[in-house]
Amino acid sequence: MKIIMKSKFITFFAILLGAAGVALADHHGNKIEITANDTMQFNSKAFEVAAGKEVTLVFKNLGNLPKAAMGHNVVILKPGTATATYGMAAVSAAASEYIPQDDANKALVVAHTKLLGPGEEDTITFTLEPGEYPFVCSFPGHFGLMNGVITAK
Ligand SMILES: [Cu+2]
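Treat the numbers as computed from the prediction; the structure is a model and nothing was measured. (Residues numbered from 1 in each chain as written. Predicted model: local features only at pLDDT ≥ 70, side-chain atom pairs only at ≥ 80, totals over all residues. Heavy atoms only, no water.)

Trainee: Before we go on, may I ask you to explain the overall build of the protein chain in this structure?
Mentor: Within the protein chain, the regular secondary structure consists of 4 helices and 9 strands. Listed by position from the N terminus, the elements making up the protein chain come as α-β-β-β-β-α-β-α-α-β-β-β-β. Residues classed as buried in the protein chain amount to 39% of the 153 residues present. A sequence separation of at least 24 residues applies to 70% of the contacts in the protein chain between residues at least 6 apart. When the accessible area of the protein chain is evaluated, it comes to approximately 8300 Å², of which 62% is carbon and sulfur surface. (Helix = DSSP H or I, 4+ residues; strand = E, 2+ residues; numbered from the N terminus. Buried < 20%, exposed > 50% of the residue type's maximum accessible area, 1.4 Å probe, protein only. Contact = heavy atoms within 4.5 Å. Areas by Shrake-Rupley, 256 points an atom, 1.4 Å probe, with all protein chains shown as cover.)

Below is the structure:
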């Protein structure tokens, strides 16, 4: 009973934070969960994590459409990177699941998940210095809606 109460309490705060627009990493694990769906939306555009400590990012594609039509990934970019410029470059990188392999674009990427089809999930870990890291889905045409910022502090 006590556990149920606690989980309701946490859910309540998660809803409040969602309304404020920032999803905070779970305090102990420095873990964030990002989901994507068939309407080209991430669950949140703003995440906050602790800097200098390993982050676990769990990414889930909650959609039903086939990967070739509505695949999603999460590409975390260095602070100051223009997401539209990266997203445009990614369009021609189908062979590498829309992660451009040239040195200039590779140098912009801090970490990225696999490209996920419906119902799939991927977990990645990385550590961030303090800063604001833009992220996008680099599937063609998605970066305009599917973008956000992970703040490490
Ligand atoms: Cu996408």
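Moving on from the coordinates now.
Trainee: I tried to follow the environment of Leu108 on my own but got confused; where do I start?
Mentor: One can find Leu108 in the loop between helix H4 (103–106) and strand S6 (109–112). Between the C-alpha atoms of Leu108 and Lys78, which are 30 residues apart in sequence, the distance is 5.5 Å. Discounting chain neighbours no more than four positions away, the residues touching Leu108 are Ile76, Leu77, Lys78, Thr81 and Tyr86.

Trainee: Explanation requested: the sheet that holds strand S7 (residues 121–126) in the structure shown.
Mentor: The pairing of strands in a sheet comes from backbone hydrogen bonds and takes either a parallel or an antiparallel form. Pairing is mixed in the open sheet, where 3 strands are placed in the order S2-S4-S7. Because the sheet does not close on itself, it has two edges, and the strands there are strand S2 (31–36) and S7. Neighbour-to-neighbour, the strand axes of the sheet open up by a mean angle of 20°, direction not taken into account. One ladder, built from 6 bridges, connects strand S4 (residues 55–61) with S7; its direction is antiparallel. Along S7, the bridge assignment pairs Val55 with Phe126. (Pairing = 2+ DSSP bridges. Axes fitted to C-alpha atoms, helices over the stretch in contact; angles between N-to-C directions.)

Trainee: Could you clarify how one ought to interpret the coordination of the copper ion in this entry?
Mentor: Ideal geometry at a metal centre: 109.5 degrees between donors when four sit tetrahedrally, and 90 or 180 degrees when six sit octahedrally. Coordination of the copper ion by the protein comes from His72 (ND1), Cys137 (SG), His142 (ND1) and Met146 (SD), over a distance range of 2.1 to 2.7 Å. Each of the 4 donor atoms bound to the copper ion contributes to angles spanning 85 to 131°, and the resulting shape is irregular. Here the donor residues for the copper ion map to a single chain with the spacing H-x64-C-x4-H-x3-M. The class of Cys137 is buried, set by a relative accessible area of 0%. (Donors = N, O, S within 2.8 Å, 3.2 Å for Na, K, Ca; no water. Tetrahedral: all angles 85-135°; square planar, octahedral: opposite > 155°, others 65-115°.)

Trainee: Help me understand the pattern of salt bridges in this model?
Mentor: This model, assessed by the stated rule, comprises 3 salt bridges. The residue Glu33 makes a salt bridge to Lys60 at a minimum N-O spacing of 3.6 Å. Residue Glu33 is found in strand S2, and its partner Lys60 is found in strand S4; the two are separated by 27 residues along the sequence. In this structure Glu33 comes out as partly exposed when scored by relative accessible area, which is 38%. (Salt bridge = Lys/Arg side-chain N within 4 Å of Asp/Glu carboxyl O.)

Trainee: Looking at this structure, I do not really get the nonpolar core. What am I missing?
Mentor: By size, the foremost hydrophobic cluster in this structure holds 34 residues, and its most contacted members are Ile32, Ile34, Phe42, Leu57 and Ile76. If we ignore the near neighbours within four places in the chain, the residues touching Ile34 are Phe42, Asn43, Phe47, Leu57, Val58, Phe59, Lys60, Val74 and Phe135. (Core = buried A, V, L, I, M, F, W, Y, C linked by side-chain atoms within 4.5 Å.)

Trainee: So what exactly am I meant to see when it comes to the side chain of Asn30 here?
Mentor: Structurally, Asn30 is set in the loop between strand S1 (23–24) and S2. Asn30 sits in the buried class, given a relative accessible area of 2%. Reaching out from Asn30, the side chain makes a polar contact with the backbone oxygen of Glu54 at a distance of 3.4 Å. Dropping the residues within four chain positions of it, Asn30 is found in contact with Ala25, Val49, Ala50, Lys53, Glu54, Val55 and Thr56. (Polar contact = N/O pair within 3.5 Å; in protein donor to acceptor, adjacent residues only side chain to side chain.)

Trainee: Would you explain the packing of aromatic side chains in this entry?
Mentor: Any two aromatic rings considered together are summarised by their centre-to-centre distance and by the angle between their planes. For the structure on display, the rule yields 4 aromatic pairs. Aromatic pair Tyr98 and Phe139: ring centres 5.3 Å apart, planes at 65°, arrangement edge-to-face. In this pair, Tyr98 sits in the loop between helix H3 (83–90) and H4 while Phe139 sits in the loop between strand S8 (131–136) and strand S9 (147–152), placing the two residues 41 residues apart along the sequence. Of the two residues, Tyr98 and Phe139, both sit in the buried class. Taken together, the ring pairs in this structure connect Phe42, Phe47, Phe59 and Phe135 into an aromatic cluster. (Phe/Tyr/Trp six-rings, centres within 6.5 Å; stacked < 30°, edge-to-face > 60°.)

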